[in-house]
Each structure stands twice: as structure tokens, then as C-alpha cells.
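Chain by chain, the residues:
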Amino acid sequence: WLGVWSADGWRGGGRGGLFYLRGYALLVGAFGVAVLARGALFAAFLLRAARQLHRDAFDRLLRCPMAWFDTTPSGRVLNRFAQDVDDVDNALPFALNQSLMLQLRCVGTVALACASVPYFATLVPFLFALFARVTERYRRSSREVQRLLAVTRSPLFAFAEQTLAGLTTIRAFGRSDDVWRDFLEQMDASTRMAWMKLALDQWLLQRLQLISSTVL
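Every value quoted in this text rests on a predicted model; they were computed, and no experiment measured them.

Caption draft 1: Expanded view of the packing of helix H4 (residues 74–116) against helix H5 (residues 124–165). In the contact formed by H4 and H5, the axes pass within 10 Å of each other and the chain directions differ by 165 degrees. With respect to each other, H4 and H5 are oriented roughly antiparallel. Every pair of crossing elements has a handedness; the one defined by H4 and H5 is right-handed. Of the residues in H5, those touching H4 at Ser 74, Gly 75, Arg 76, Leu 78, Asn 79, Ala 82, Gln 83, Asp 84, Val 110 and Cys 114 are Val 124, Ala 150, Arg 153, Ser 154, Phe 157, Ala 158 and Glu 161. Partitioning the contact of H4 with H5 into residue classes produces eight nonpolar, five polar and four charged.

Given below as C-alpha cells:
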């Protein structure tokens, strides 16, 4: 639209600036309505999905036999309805939104680059194959680290529950320092996995940026 405006002004056309300002206002208004509609639909969809997932998980939990509760740590159950539910309700929607935006931006950038430099189209399959290989290598490691993070986080919930249940006994026998030391050890184990996850994210980021910079 700006190019049309500039070309019309350069040619000395009869349209005034008010016409193009109205066009800009319409474009901005349409963009705002589209963003609001997308946000409302996205929020409604995520709210419905989160409610359904929580209802199904809780229903399955109530139908579990007593033998399952005897062999499953309580911290693992609490972790499913605490951190895992929070990831599904907050982290996953944000990641999905960012993923959709980046995919559309990537497609637009590649299409624009191919239109401007047709020879770039010959590199696109090789770039996608390279990106897919790096991402797949990252995904395998990240999946295992995420599993270990969940495994090391579950004992923290169980330890907190057991400590609160036996707080009177712990204080009566003067074992508060020992309990605090055990808690820090479990916290260190979980934190190491969290740092490993961050390191893997940076590993992927550095390689993707290196490939992009090399192409440019």
C-alpha cells in the first residue's frame, strides 16, 4: 500500500493523502479484528482442551485400583496434577502459538527469497534436510532429559508431603537439619536436569543460528 501511495504521488495522481490514510486505517482495523478473533478462538480452544484433559486425568485417577496407589509414589501423582498440568495449560499453548507464527514467517521468508533470488530455491531442500537432522538429534536428547526432569521432580512433591505429615515427629527428634539436607540433595538432582535442558536448548539455538548465518 505504501508503494502504491509513493508511486501515485510520484506520478502526480489525483488521489489525495486522505484516501491512502483511510486505506491504512482500514488495514490496521482489519488486522486488529483478526488478532482479537484469533486470540479469542485460541483461548476458547485451549480452555476447553485443558478442562477436558484435567477431567479425563482425574477420572482415570479415581478409577485406579488400590494396588496402583500402593506401588505408585504420591509425588508422581502430585507432579501430574501440578507441574504437568501447568505445562499443558501455560507452556504448551505459548509454544504452540510461537510455533505457528514462526512457521508462517519462515514460509513467507523462503517464498520471498525464492521470488527475489530464484537460485535460492535449489538450496531450500538441503537446508530443510539439515535443519530436520539437527532438530531430530536435539529432540532425542531433549525427550530423555525431560523425562529425567519429571522423574527427579516427583520425589520433591512426595518429600514435601511426607515432611508436612511427620513435621511433629521430625521436630521432636531434632532431625530438621537431616531433613533439610535430604531436601537439598533432591533439589540439586532436579536442578541439574533443568540446567541440562537449558543447555540443550542453547545447543539447538547456536546451531540453527550458525546455519542461518552461513546461508546469509
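Caption draft 2: Broad picture of helix H7 (residues 176–215). In this model, H7 (40 residues) spans 58 Å end to end at C-alpha, consistent with the 58 Å of a helix rising 1.5 Å per residue. Within H7, burial applies to Val 179, Ser 190, Met 193, Lys 197, Leu 200, Leu 204 and Ile 211.

Caption draft 3: The arrangement of the nonpolar core in detail. The biggest cluster of nonpolar side chains holds seven residues, and these are Leu 127, Val 134, Tyr 138, Val 145, Leu 200, Leu 204 and Ile 211. Mapped onto this core, the elements with two or more residues apiece are H5 and H7. Counting residues per element, this core draws most heavily on H5, which supplies four residues. Among all residues touching Leu 127, those that are not within four sequence positions of it are Phe 120, Ile 211 and Val 215.

Caption draft 4: Quick peek at a nonpolar patch on the surface. A contiguous nonpolar patch, built from Leu 53, Val 88 and Leu 92 and spanning about 260 Å² of accessible area, is present on the exposed surface. Mapped onto the elements, Leu 53 comes out in helix H2 (residues 17–62).

Caption draft 5: Spatial organisation of the environment of Gln 202. For Gln 202, the location among the structural elements is in helix H7. The exposure class assigned to Gln 202 is partly exposed, which follows from its relative accessible area of 42%. Remark: the alpha-carbon pair of Gln 202 and Asp 59, spanning 143 residues in sequence, is separated by 39 Å.

Caption draft 6: Molecular detail of the packing of aromatic side chains. A complete count under the given rule lists three aromatic pairs for this structure. Measuring from centroid to centroid gives 5.1 Å for Trp 68 and Phe 69, while their planes differ by 85 degrees, and the two rings are edge-to-face. Classification of Trp 68 by relative accessible area gives partly exposed; the value is 32%. Its relative accessible area of 34% is what places Phe 69 among the partly exposed residues. When the ring of Trp 180 is compared with that of Phe 183, the centres are 5.8 Å apart and the planes differ by 25 degrees; the resulting orientation is stacked. Of the two residues, Trp 180 and Phe 183 are both situated in helix H7; the distance of three residues between them amounts to about one turn of the helix. The structure contains a cluster of three or more aromatic residues connected by ring pairs, namely Phe 159, Trp 180 and Phe 183.

Caption draft 7: Fine view of the packing of H5 against H7. Contact geometry for H5 and H7: axes closest at 9 Å, N-to-C directions at 165 degrees. The orientation of H5 relative to H7 falls into the category roughly antiparallel. The chirality of how H5 crosses H7 is left-handed.

Caption draft 8: Main features of the side chain of Thr 163. Note on placement: Thr 163 falls in helix H5. Aside from chain neighbours lying at most four places away, what touches Thr 163 is Ile 170 and Val 179.

Caption draft 9: View of the pattern of salt bridges. Summed over the entire model, instances satisfying the criterion amount to seven salt bridges. The closest approach of N and O atoms between Arg 140 and Glu 136, which form a salt bridge, is 3.9 Å. Of the two residues, Arg 140 and Glu 136 are both situated in helix H5; the distance of four residues between them amounts to about one turn of the helix. By relative accessible area, which is 46% here, Arg 140 ends up partly exposed. Its salt-bridge partner being Lys 197, residue Asp 201 comes within 3.2 Å of it at the nearest N-O pair. With Asp 201 and Lys 197 both in helix H7 and four residues apart, the pair spans about one turn of that helix. Take Asp 201: its relative accessible area is 26%, and that puts it in the partly exposed class. With a relative accessible area of 17%, Lys 197 lands in the buried category. Each of Glu 136, Arg 139 and Arg 140 takes part in a single network of salt bridges with overlapping partners.

Parameters at a glance
Residues numbered from 1 in each chain as written. Predicted model: local features only at pLDDT ≥ 70, side-chain atom pairs only at ≥ 80, totals over all residues. Heavy atoms only, no water. Axes fitted to C-alpha atoms, helices over the stretch in contact; angles between N-to-C directions. Helix = DSSP H or I, 4+ residues; strand = E, 2+ residues; numbered from the N terminus. Parallel < 35°, antiparallel > 145°, perpendicular 65-115°, else oblique. Left-handed = near helix turned anticlockwise from the far one by under 90°. Contact = heavy atoms within 4.5 Å. Nonpolar A, V, L, I, M, F, W, Y, C, P; charged D, E, K, R; others polar. Expected span 1.5 Å × (residues − 1). Buried < 20%, exposed > 50% of the residue type's maximum accessible area, 1.4 Å probe, protein only. Core = buried A, V, L, I, M, F, W, Y, C linked by side-chain atoms within 4.5 Å. Patch = residues over 30% accessible without salt bridge, like charges linked within 9 Å, V, L, I, M, F, W, Y side chains within 5 Å. Areas by Shrake-Rupley, 256 points an atom, 1.4 Å probe, with all protein chains shown as cover. Salt bridge = Lys/Arg side-chain N within 4 Å of Asp/Glu carboxyl O. Phe/Tyr/Trp six-rings, centres within 6.5 Å; stacked < 30°, edge-to-face > 60°.

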